[in-house]
Amino acid sequence: MQTKDCFYLGKIVKKHSFKGEVVIKLDTDEPHLYKNLESVFVELGNNLVPFFIEKSSLSKSTMFRVKFEGVDTESDAEAILRSGIYLPLTQLPKLTGDKFYYHEVIGFTVKDLNFGTVGTIININDSAAQPLFEIDRDGIELFIPMIDDFIKKVDRENKTIEVETPEGLIDLYIN
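As the structure is a computational prediction, the values presented were derived from the model and not from experiment.

> Please provide a residue-by-residue account of the pairing of strand β4 (residues 47-59), values included.
Note that strand β3 (residues 39-44) and β4 share 6 bridges and pair antiparallel. In the sheet register, E43 faces β4, and the bridge partner there is L48. Adjacent in sequence and paired antiparallel, β3 and β4 are bridged by 2 residues, among which G45 carries a positive phi angle near 65 degrees. Here 6 bridges tie β4 to strand β5 (residues 63-68), and the two strands are oriented antiparallel to one another. When the sheet's bridge partners are listed, S57 is paired in β5 with R65. Where β4 folds back onto β5 in an antiparallel hairpin, the turn is made up of 3 residues, including K60, whose phi is positive at roughly 50 degrees.

In structure tokens, the structure reads:
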């Protein structure tokens, strides 16, 4: 399994006991969806390695306590500490309406209700304070903040996102 075929679920943040249990901080708004997992992929070096779950429990909203098969000591747990946890993209819950996963909209065409066709989403920049659509318009790179008030419609069938941006925002990049 490769990282591009998976989504990031969280990170092993600490050891929980001397019997190899670890605590995973889940990176999700809906941690309860993942409380009955049978296995996960643990990022070790540049590889994703499957780990099977013996037992688990959800505590403190996004903290997930896990006992993996074969991880039986404190030193075993230490070896996987701070590792990323991944699941296959096929295990993502389906979103409907105007909600979407970032990876899902790469390649979608952005249309502004006032401006018209803006361009194609090439990336989502989520390293800024506000996530941004990175859009290619014939070699010109534009950034549109991913603000709920701007996003009017997500059309998965036609691979388009309709936005309504403030007057002049798009013109800043083109003129």
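> Describe the sheet that holds strand β10 (residues 140-145), and please don't skip the residues or the numbers.
Read from one edge of the open sheet, 6 strands run β10-β9-β8-β7-β12-β11, paired in mixed fashion. In the strand order of this sheet, the two ends are held by β10 and β11 (151-155), each with one partner. Along the sheet, successive strands turn relative to each other by an average axial angle of 35 degrees, direction set aside.

> Give me the lowdown on the nonpolar core, citing residues and values where you can.
By size, the foremost hydrophobic cluster in this structure holds 22 residues, and its most contacted members are L9, I12, I24, L37, V40 and F68. Going through the elements one at a time, β1 (6-15), β2 (22-26), β3, β4, β5, α1 (74-80) and β6 (84-88) are the ones with two or more residues in this core. Not counting the four nearest positions on each side in its chain, F68 is found in contact with I12, V22, I24, V40, V42, F51, F52, I53, E54 and I80. The next biggest cluster of nonpolar side chains, apart from the first, holds 18 residues, and it includes V118, I121, F133 and I170.

> Please set out unusual backbone geometry residue by residue, giving values where relevant.
Within the chain, R82 stands out as a residue other than glycine whose phi angle is a positive 70 degrees. As for its position among the elements, R82 is in the loop between α1 and β6. A positive phi angle is found at D138, which is not glycine, with a value near 50 degrees. Looking at the element boundaries, D138 is found in the loop between β9 (132-137) and β10. We classify D138 as exposed; its relative accessible area is 77%.

> Lay out the pattern of salt bridges in plain terms, naming residues and giving numbers.
A pair can form between side chains of opposite charge whenever their charged atoms are brought close. Under the criterion given, the structure shown has 8 salt bridges. Between E104 and R156 there is a salt bridge, and its shortest N-O distance comes to 2.7 Å. Here R156 lies in the loop between β11 and β12 (160-163) and E104 lies in the loop between β6 and β7 (109-112), a separation of 52 residues in the sequence. Given the relative accessible area of 24%, E104 is considered partly exposed. The class of R156 is partly exposed, set by a relative accessible area of 26%. Several salt bridges converge on common partners, so that one network encompasses K15, E74 and E78.

> Could you give an account of the environment of Q130, with specific residues and numbers?
Among the secondary structure elements, Q130 is positioned in the loop between β8 (116-125) and β9. Dropping the residues within four chain positions of it, Q130 is found in contact with N125, P145, M146 and I147. At 2.9 Å, the side chain of Q130 forms a polar contact with the backbone oxygen of M146.

> Can you break down the side chain of T165 residue by residue, with the values?
Residue position: T165 is located in the loop between β12 and α2 (169-174). In terms of polar contacts, T165 uses its side chain to reach the side chain of D112, at 2.8 Å. Setting aside residues no more than four positions away along its own chain, T165 makes contact with D112, N114, I144, F150 and I170.

> Describe the pairing of β6, with residues and values.
Among the 5 residues in β6, 5 count as buried, and that is most of the element. Across the two faces of β6 the burial is the same, with G84, Y86 and P88 and I85 and L87 all buried. Relative to β6, β1 is paired through 5 bridges, and the arrangement is antiparallel. Within β6, the residue paired with Y8 across the bridge is Y86.

Procedures and definitions
Residues numbered from 1 in each chain as written. Predicted model: local features only at pLDDT ≥ 70, side-chain atom pairs only at ≥ 80, totals over all residues. Heavy atoms only, no water. Pairing = 2+ DSSP bridges. Helix = DSSP H or I, 4+ residues; strand = E, 2+ residues; numbered from the N terminus. Axes fitted to C-alpha atoms, helices over the stretch in contact; angles between N-to-C directions. Core = buried A, V, L, I, M, F, W, Y, C linked by side-chain atoms within 4.5 Å. Buried < 20%, exposed > 50% of the residue type's maximum accessible area, 1.4 Å probe, protein only. Contact = heavy atoms within 4.5 Å. Salt bridge = Lys/Arg side-chain N within 4 Å of Asp/Glu carboxyl O. Polar contact = N/O pair within 3.5 Å; in protein donor to acceptor, adjacent residues only side chain to side chain.

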